[in-house]
Amino acid sequence: MPATQTTIEQLMHERKSVRKYKEGVVIPHEKLENLLQNAITAPSSSNMQPWRFLVIEDQQVKKELRKIANDQEQVETSSAIIAVLGDLEMYKRAEQIYDANYNQGFMTREIADLMIKNSLSLYGNLPEEVLKNIVHFDAGLISMQIMLLAKDMGYDTVPMGGFDKVKFAEKFNLPKNEIPILLIAIGEAAAPAYGSSRLPIEQVVKYI
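Nothing here was measured: the structure is a model prediction, and the numbers come from that model.

Participant: For the pairing of strand β2 (residues 80–87), give the residues involved together with the corresponding values.
Facilitator: Burial of β2 is extensive: 8 of the 8 residues sit out of reach of the surface. Where burial is concerned, the two faces of β2 agree: the one with Ala-80, Ile-82, Val-84 and Gly-86 and the one with Ile-81, Ala-83, Leu-85 and Asp-87 are both buried. Here strand β1 (residues 51–56) pairs with β2 via 6 bridges, running antiparallel. Paired with Trp-51 across the bridge in β2 is Gly-86. Here 8 bridges tie β2 to strand β4 (residues 178–187), and the two strands are oriented antiparallel to one another. Its bridge partner being in β4, Ile-82 is matched across the sheet by Ile-184.

Participant: Hey, could you go over helix α2 (residues 29–39) for me, with residue numbers and the actual values?
Facilitator: Inspection of α2 places Leu-32, Leu-35, Leu-36 and Ala-39 among the buried residues, and these make up the whole buried set. Within α2, the buried residues cover an arc of 90 degrees as seen down the axis, which keeps them to one side. Those residues of α2 that are exposed and angled more than 90 degrees off the buried face are Glu-30 and Glu-33.

Participant: Describe the packing of helix α5 (residues 94–103) against helix α6 (residues 109–123), with residues and values.
Facilitator: Taken N-terminus to C-terminus, the directions of α5 and α6 make an angle of 165 degrees; their axes are 9 Å apart at the nearest point. Classified by the interaxial angle, the pair formed by α5 and α6 is roughly antiparallel. In the crossing of α5 with α6, the sense of the turn from one axis to the other is right-handed. For the pair α5 and α6, the contacting residues are Ala-94, Glu-95, Tyr-98, Asp-99 and Tyr-102 in the first and Arg-109, Ala-112, Met-115, Ile-116, Ser-119 and Leu-120 in the second. Class assignment for the residues of the contact of α5 with α6 results in 7 nonpolar, 1 polar and 3 charged.

Criteria and cut-off values
Residues numbered from 1 in each chain as written. Predicted model: local features only at pLDDT ≥ 70, side-chain atom pairs only at ≥ 80, totals over all residues. Heavy atoms only, no water. Buried < 20%, exposed > 50% of the residue type's maximum accessible area, 1.4 Å probe, protein only. Helix = DSSP H or I, 4+ residues; strand = E, 2+ residues; numbered from the N terminus. Pairing = 2+ DSSP bridges. Arc of directions from axis to C-beta. Axes fitted to C-alpha atoms, helices over the stretch in contact; angles between N-to-C directions. Parallel < 35°, antiparallel > 145°, perpendicular 65-115°, else oblique. Left-handed = near helix turned anticlockwise from the far one by under 90°. Contact = heavy atoms within 4.5 Å. Nonpolar A, V, L, I, M, F, W, Y, C, P; charged D, E, K, R; others polar.

Okay, here's the thing in structure tokens:
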């Protein structure tokens, strides 16, 4: 690594997946709100912003969630679980999104109207599997921002894809159009995270 690093480089190298958390640590709602407010600057397909969040703080609920999340300790001991969901009907908010773009001076009325029409036509006719791929991809983009922003705030995280998504949807009464994608534990580390190696860059990059 270079002798001097930018803030973002430091955060990227310091962020590790933490699985041991100090129990009883409460993150104020305004901090969680600020974290997610900044995270939603992430890019998404056609700016459809398909992410939805369920922030789970109640200790009893976390204990119950642990049972359907492969008994992972951090589900119960972390300060909160940020469940990242994907809205398969995100395109139904196209008018709201592009009206805001117009009102904030980001595009003309004509372009906004065209984008609304195209978004409703395109996404409204896509097969569910394609929509799932889109929302999973976009969820990955915002999840990385959440974890880096959390590290910048002094909190640690770990992303978890290992949980029963069917049981999760049932437990939290998710509407049919919202699918659970990822759980992110957030809190204060009780023990250092393990380091992890990376493949040599020449094995993963080709220039043509």
